[in-house]
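# Remarks on the overall topology
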Amino acid sequence: MSSIFAYAGSKPCKDILLKGLCALDKRGSGAAGIALKISNDILSVKTRGGAKALKSKTQDFSAQAFEGIGSGCTSQRCALTDFNAKPASNNLFAVCADGHIDNFDSLKHRCANPFPIDTDDDLLLALLCICFQPKKLDIIKKITPMIEGNPTYAFMPNDERAIYCKKGDAPLVIAVGSGGSFVSSEVNAVIHFADKYFFLEDGECARVSADRITVYDKKYKKVKKQFLPVPESGYFESDYPVSDEIFYCPSVVKQTISAFEKEGRIDFDYLKFSRRNVDKIEQIVLAGTGSSYNASRVCKYNFNSFTDIPCFAYESSQLNNNFEQMDKNTLFIAVSHRGESADTVECAKKAKKSGARTIALTSNPCSYLAYICSDVINPRCDFESGEISCRSFLSQYIVLTMLALYLGRKQSIVTELYLSVAMKMAQMLVGKISSSVKSSPKAEKTARDILEADYVFCTGLGIDCALAEEAALKLRRIAGINASSYGVGELLMSATPLLSKSIVIAFITNPDAMEKALRPLREIKSTGARVFIITCADSEDGPADFDNVISWADSVPVFNPLPCISGLYKIAITAAEIKNRGSIDKAV
């Protein structure tokens, strides 16, 4: 995944391009570059290290330019260098792509002399030059049938005050503001510049200048597009540290519950789920990446508990590679905090094409995922903070669990009494989360113990096994700890030689399953491993024969995983603070 950000207008564009690329840095932070049109010349500045490194490299650059194009990337076909970073440029064009050219090798062979070609952008630059036509739209017409694969790309010619672009598989936004026009991979990058925007559809291309935008369909006929208003806030460059972010978890929990609660009942009525169409749902499919996938894995157990609809959770890239059969009787829920995950977007496209009802669960209602899905659920977890570490998982878990309860009530599986009690108890969750993220001597001691271990394994049974993956992910990303997750049985079979040098963190969020979970954990302890238990059982009733027991008792049954994982987040942050004894930079 790469980023594209371009501008044509009446204002000097260097700082505009840099701000846009900073907002898109998560799409590609390995290297970044900008190309500026100065008279009839194109000047480019590129560097490894992403948008912030580029900003530092260009701080003394004073040349005036009013058209420019920029891009960031995480990887290329070859090792990233300052030279091969995006965009590719010469004295005729600057071009950047988001996506891959499948027939790269054969096209490179045809174009390689006199063009040096190491990347897809280099190849596109060569094709633009070889297929040169006075009308740039004719160049797009000529090179499109030559390319196998479907990259999204944008280019800037030296002889026009305009940007040309073509939409492939990756999203592309065109926006307009008082200072000019923009081309961007995401709406969030234009929020501070533009007033209105629209998405290009697959196969569409456009010419974008300061005062005119012309869009063409797949057959290169002009089409009119409907503009949408740019939202007032969105994801943008931020210096929000994880060490502070965790203390906002309770307020996010409160906001999320309040957003879908009305007079003591769960309110998803705007989705128009009648008893009749709920009964027609034959399967629920959840898909996401990272923490969004972990939230999906955990919550599939809640859907299976509260409804009679089979629920499956998939990591988006795996689902893309082995797409499961879906039809009009499938409810597909795409889970993505920012709503821009390429694999999750692609899954949603495939699901919608197969006839499934698609719902985007995203904190970014103007994201591309929200645009392509039939319905949107916004969990009210703000996404202006540059790197969300904890809050997105909590908000996604709450929304998915409340939706499972809502559908279960539609099927009369969940009773009105159970639902009422669950919602009353949910109000207690804010206090439980507040308690679990407070600094404490026990959290610091646990963090120190984890830092001293050679290996850390997170484990559990059923829903707790899924929760363990989120725990391991956060220990790796926040504190740089060598942490992995396994099921209890898998841990005994696969990691036995390492256990004597390890700490095993076991989640037991269902007190009723305590004894069942403790039996294999005692076997793990007998190998020499130190076993720490994170549980919602009362510490007086909990196990006394383990190395450490961290308990948040009297919790809220259906939401029990949340205080436990919040406490783990705090432990991970404490470990990072101990390692760095200063401030924590943003997690990956």
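In this text, all values refer to a predicted model and were calculated from it rather than measured experimentally.

### Things to note about the overall build of the protein chain
- For the protein chain, the count of helices and strands is 21 helices and 27 strands.
- Compactness check: the protein chain gives a C-alpha radius of gyration of 26 Å against a globular reference of 25 Å for 588 residues, within 12% of the reference.
- Its C-alpha atoms put the protein chain at 80 × 55 × 40 Å along the principal axes.
- For the protein chain, the residues scored as buried account for 58% of the 588 residues in total.
- Counting only contacts in the protein chain whose residues sit at least 6 apart along the sequence, the fraction spanning at least 24 positions is 70%.
- Surface accessibility of the protein chain: about 23800 Å² in total, with carbon and sulfur atoms responsible for 48%.

### Considering the confidence of the model for the protein chain
- Mean pLDDT over the protein chain works out to 89, with 94% of the residues at or above the 70 mark.
- Low pLDDT (under 50) marks residues 582-588, which in the prediction has 19 contacts with non-local residues, meaning those over four places away or in another chain.

### Examining the sheet that holds strand β1 (residues 2-9)
- Reading across from one edge, β3-β2-β4-β1-β10-β9-β11-β15 is the order of the 8 strands in this open sheet, with antiparallel pairing throughout. The outermost strands of the open sheet, each flanked by one partner alone, are β3 (41-48) and β15 (228-229).
- By the bridge criterion, 7 bridges tie strand β2 (residues 31-38) to strand β4 (residues 67-73) in an arrangement that is antiparallel. Residue pairing for β4: Lys37 is matched across the bridge by Glu67.
- Contacting β1, β2, β4 and β10 (180-184), helix α1 (residues 14-23) crosses the sheet at an angle of about 155 degrees to β1.

### A few points about the packing of helix α15 (residues 429-436) against helix α21 (residues 561-580)
- For the pair α15 and α21, interaxial distance at closest approach is 8 Å and the crossing angle is 25 degrees. On the basis of their axis angle, the class for α15 and α21 is roughly parallel. Relative to α21, the crossing made by α15 is right-handed. Counted together, Leu429, Lys432, Ile433 and Ser436 of α15 and Leu562, Pro563, Ser566, Gly567 and Lys570 of α21 form the full contact between these two elements.

### Thoughts on the pairing of strand β12 (residues 205-209)
- The element β12 is largely enclosed, with a buried count of 4 among its 5 residues.
- By the bridge criterion, 5 bridges tie strand β8 (residues 162-166) to β12 in an arrangement that is antiparallel. Its bridge partner lying in β12, Ala162 is registered against Ser209.
- Strand direction decides the pairing type here: β12 and strand β13 (residues 213-216), joined by 4 bridges, are antiparallel. Counted as the bridge partner of Arg207 is Thr214 from β13.
- Hairpin geometry of β12 and β13 is characterised by an intervening segment of 3 residues between the two adjacent antiparallel strands.

### Some details on helix α13 (residues 391-410)
- Helix length check: α13, at 20 residues, gives a terminal C-alpha distance of 29 Å against a target of 28 Å (1.5 Å per residue), a fit within 8%.
- Taken across its 20 residues, α13 has 18 buried, putting it largely inside the fold.
- With its phi angle positive at about 65 degrees, Ser412 sits one or two positions after the end of α13.

### Focus on the side chain of Lys570
- Mapping Lys570 onto the fold places it in helix α21.
- Once residues within four sequence positions are removed from consideration, Lys570 is found in contact with Ile246, Phe247, Ser436, Val437, Lys438 and Ser439.

### Quick notes on the pattern of salt bridges
- Per the stated rule, a full pass over the model turns up 24 salt bridges.
- Across the pair Asp375 and Arg357 runs a salt bridge whose closest N-O atoms are separated by 3.0 Å. Of this pair, Asp375 sits in strand β22 (residues 375-377) while Arg357 sits in strand β21 (residues 357-361); the two residues are 18 residues apart in sequence, bridging distant segments of the chain.
- Owing to a relative accessible area of 18%, Asp375 belongs among the buried residues under this scheme.

### Overview of the nonpolar core
- Counting residues in hydrophobic clusters, the biggest one holds 85 residues, and the most contacted among them are Ile333 and Ile505.
- With 12 residues, the single largest contributor to this core is α13.
- Not counting chain neighbours up to four residues away, the residues in contact with Ile333 comprise Ile284, Val285, Leu286, Ala287, Phe303, Ile359, Leu361, Leu400 and Leu403.
- Of all hydrophobic cores here, the second largest spans 46 residues; its members include Ala175, Ala189, Ile191 and Ile372.

### Some words on the packing of aromatic side chains
- Under the counting rule described, the total for this entry stands at 18 aromatic pairs.
- With centroids separated by 6.3 Å and ring planes inclined at 50 degrees, the aromatic side chains of Phe5 and Phe193 adopt a geometry described as tilted. With Phe5 in strand β1 and Phe193 in the loop between β10 and β11 (196-199), this pair connects stretches of sequence that are 188 residues apart.
- Residue Phe5 is classed as buried on the basis of its relative accessible area, which comes to 0%.
- Overall, Phe193 belongs to the buried group, its relative accessible area being 19%.
- Ring plane angle 70 degrees and centroid distance 5.6 Å describe the contact between Phe268 and Tyr406, whose orientation is recorded as edge-to-face.

### Observations regarding the sheet that holds β22
- Read across the sheet, 5 strands follow the order β19-β18-β20-β21-β22 without closing on themselves; strand pairing throughout is parallel. With one partner strand each, in any of the chains shown, β19 (311-315) and β22 form the two edges of the open sheet. Shown here is a sheet whose adjacent strand axes are inclined to one another by a mean of 20 degrees, direction ignored.
- Both strand β18 (residues 283-288) and β19 contribute to a ladder of 5 bridges, which runs parallel. Note that in β19 the partner of Ala287 across the bridge is Tyr314.

### Things to note about the side chain of Thr401
- Along the polypeptide, Thr401 turns up in helix α13.
- For Thr401, the contacting residues outside a window of four places in its chain are Cys299, Asn302, Val558 and Phe559.

### Digging into the environment of Gly28
- If you trace the backbone, Gly28 turns up in the loop between α1 and β2.
- Judged by its relative accessible area of 1%, Gly28 is buried.
- With residues up to four places along the chain from it excluded, the contact list for Gly28 reads Met1, Gly72, Cys73 and Thr74.

### Things to note about the packing of helix α3 (residues 104-111) against helix α4 (residues 120-130)
- Between α3 and α4, whose axes approach to 10 Å, the crossing angle comes to 45 degrees. In terms of their interaxial angle, α3 and α4 are classed as oblique. Between α3 and α4 the crossing geometry is left-handed. When α3 is examined against α4, the residues Phe104, Leu107, Lys108 and Cys111 are found in contact with a partner set consisting of Asp120, Leu123, Ala126, Leu127 and Ile130.
- Class assignment for the residues of the contact of α3 with α4 results in 7 nonpolar, no polar and 2 charged.

Rules used throughout
Residues numbered from 1 in each chain as written. Predicted model: local features only at pLDDT ≥ 70, side-chain atom pairs only at ≥ 80, totals over all residues. Heavy atoms only, no water. Helix = DSSP H or I, 4+ residues; strand = E, 2+ residues; numbered from the N terminus. Rg over C-alpha atoms; globule rule 2.2 N^0.38 Å. Buried < 20%, exposed > 50% of the residue type's maximum accessible area, 1.4 Å probe, protein only. Contact = heavy atoms within 4.5 Å. Areas by Shrake-Rupley, 256 points an atom, 1.4 Å probe, with all protein chains shown as cover. pLDDT = per-residue confidence, 0-100. Pairing = 2+ DSSP bridges. Axes fitted to C-alpha atoms, helices over the stretch in contact; angles between N-to-C directions. Parallel < 35°, antiparallel > 145°, perpendicular 65-115°, else oblique. Left-handed = near helix turned anticlockwise from the far one by under 90°. Expected span 1.5 Å × (residues − 1). Salt bridge = Lys/Arg side-chain N within 4 Å of Asp/Glu carboxyl O. Core = buried A, V, L, I, M, F, W, Y, C linked by side-chain atoms within 4.5 Å. Phe/Tyr/Trp six-rings, centres within 6.5 Å; stacked < 30°, edge-to-face > 60°. Nonpolar A, V, L, I, M, F, W, Y, C, P; charged D, E, K, R; others polar.

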